[in-house]
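Understanding the architecture of this molecule
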Amino acid sequence: MEALRRLSLISKVTIEIQNHWGIEDKTLAEFVIELGEGATSIDDFETKLSENGAAAARPFCERLFELIGKMGGAKKGGGTAIDKKALMKVGGPPALTQKKVLTEREKMFPGLCV
């Protein structure tokens, strides 16, 4: 799923770059994404683009940074992932912490019990 999200982000950034600069290059899009993921703010992102010879207008930088932040957020530890340490503090998932009382048949045939 992460690979599909990454490919979708590369595709969208490639389209944005093509619309703004007239260049359709996925390698360039991946480079811009790496700069965006390493940037802490829009100003930082704009500075990194300028340092690498890709100076762009502020609205374009804002659009790219927003796109990278929304679609590439999973790499930075998105909010939907389950925090394993927090889960262990509460004793694990509910299904694993509650012990089921086994019947005679379940004890005799544990491989058949689900």
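Overview of the structure. (Residues numbered from 1 in each chain as written. Predicted model: local features only at pLDDT ≥ 70, side-chain atom pairs only at ≥ 80, totals over all residues. Heavy atoms only, no water.)

Examining the overall build of the protein chain
To be explicit about the condition: Numbering of helices and strands runs from the N terminus; a helix is a DSSP stretch of H or I covering at least four residues, while a strand is a stretch of E covering at least two. With a 1.4 Å probe rolled over the protein chains alone, any residue whose accessible area is under 20% of its type maximum counts as buried; one over 50% counts as exposed, and the rest are partly exposed. Any two residues whose heavy atoms approach within 4.5 Å are treated as being in contact. Here the accessible surface of atoms and residues is derived via Shrake-Rupley with a 1.4 Å probe, and residues count as covered only by protein chains that are part of the display.
The helix and strand inventory of the protein chain stands at seven helices and zero strands. For the protein chain, the succession of helices and strands along the chain, N to C, is α-α-α-α-α-α-α. Out of the 114 residues in the protein chain, the part that is buried amounts to 24%. Relative to all contacts within the protein chain whose residues are 6 or more apart in sequence, the contacts with residues 24 or more apart total 49%. When the accessible surface of the protein chain is summed, it comes to about 8400 Å², and 58% of that surface belongs to carbon and sulfur atoms.

A short note on helix α2 (residues 26–38)
So the rule is basically this: Working rule for helices: expected span equals 1.5 Å times residues minus one. In the analysis that follows, any N or O atom pair within 3.5 Å is treated as a polar contact, provided that within protein one partner can donate a hydrogen and the other can accept it, and provided that, for residues neighboring in sequence, both atoms belong to side chains.
Counted at 1.5 Å a residue, the expected span for α2 with its 13 residues is 18 Å, and the 18 Å between its end C-alpha atoms agrees. Among all positions in α2, only A29, V32, I33, L35, G36 and E37 are buried. Where α2 starts, the residue carrying a side-chain oxygen 3.2 Å from the main-chain nitrogen of T27 turns out to be D25.

Considering a nonpolar patch on the surface
Short version of the rule: Like-charged residues are merged into a patch within 9 Å and nonpolar side chains (Val, Leu, Ile, Met, Phe, Trp, Tyr) within 5 Å, provided each residue has over 30% relative accessible area and no salt bridge. By convention in these notes, a salt bridge is any Lys or Arg side-chain nitrogen within 4 Å of a carboxyl oxygen on Asp or Glu.
A surface patch of nonpolar side chains, amounting to about 390 Å² of accessible area, comprises M1, L4 and L7. Mapped onto the elements of the fold, M1 is located in the segment before α1 (2–21). A relative accessible area of 76% places M1 in the exposed class.

Details of the nonpolar core
This is how the line gets drawn: Only buried residues count toward a nonpolar core, which is a set of Ala, Val, Leu, Ile, Met, Phe, Trp, Tyr and Cys residues joined through side-chain atoms within 4.5 Å.
Formed by 20 residues in total, the largest nonpolar core has its most connected members in L9, V13, V32, F45, L49 and I68. Elements that contribute at least two residues to this core include exactly α1, α2, α3 (42–51) and α4 (58–71). For this core, the element with the most residues is α4, which contributes seven residues.

Here we look at the pattern of salt bridges
Taken as a whole, this structure holds eight salt bridges when the rule is applied. Among the salt bridges present, the one from E2 reaches R5, with a minimum N-O distance of 3.3 Å. Linking E2 with R5, this pair stays in helix α1, spanning three residues, or about one helical turn. On the accessibility criterion, E2 (41% relative accessible area) is partly exposed. Given a relative accessible area of 36%, R5 falls into the partly exposed group.

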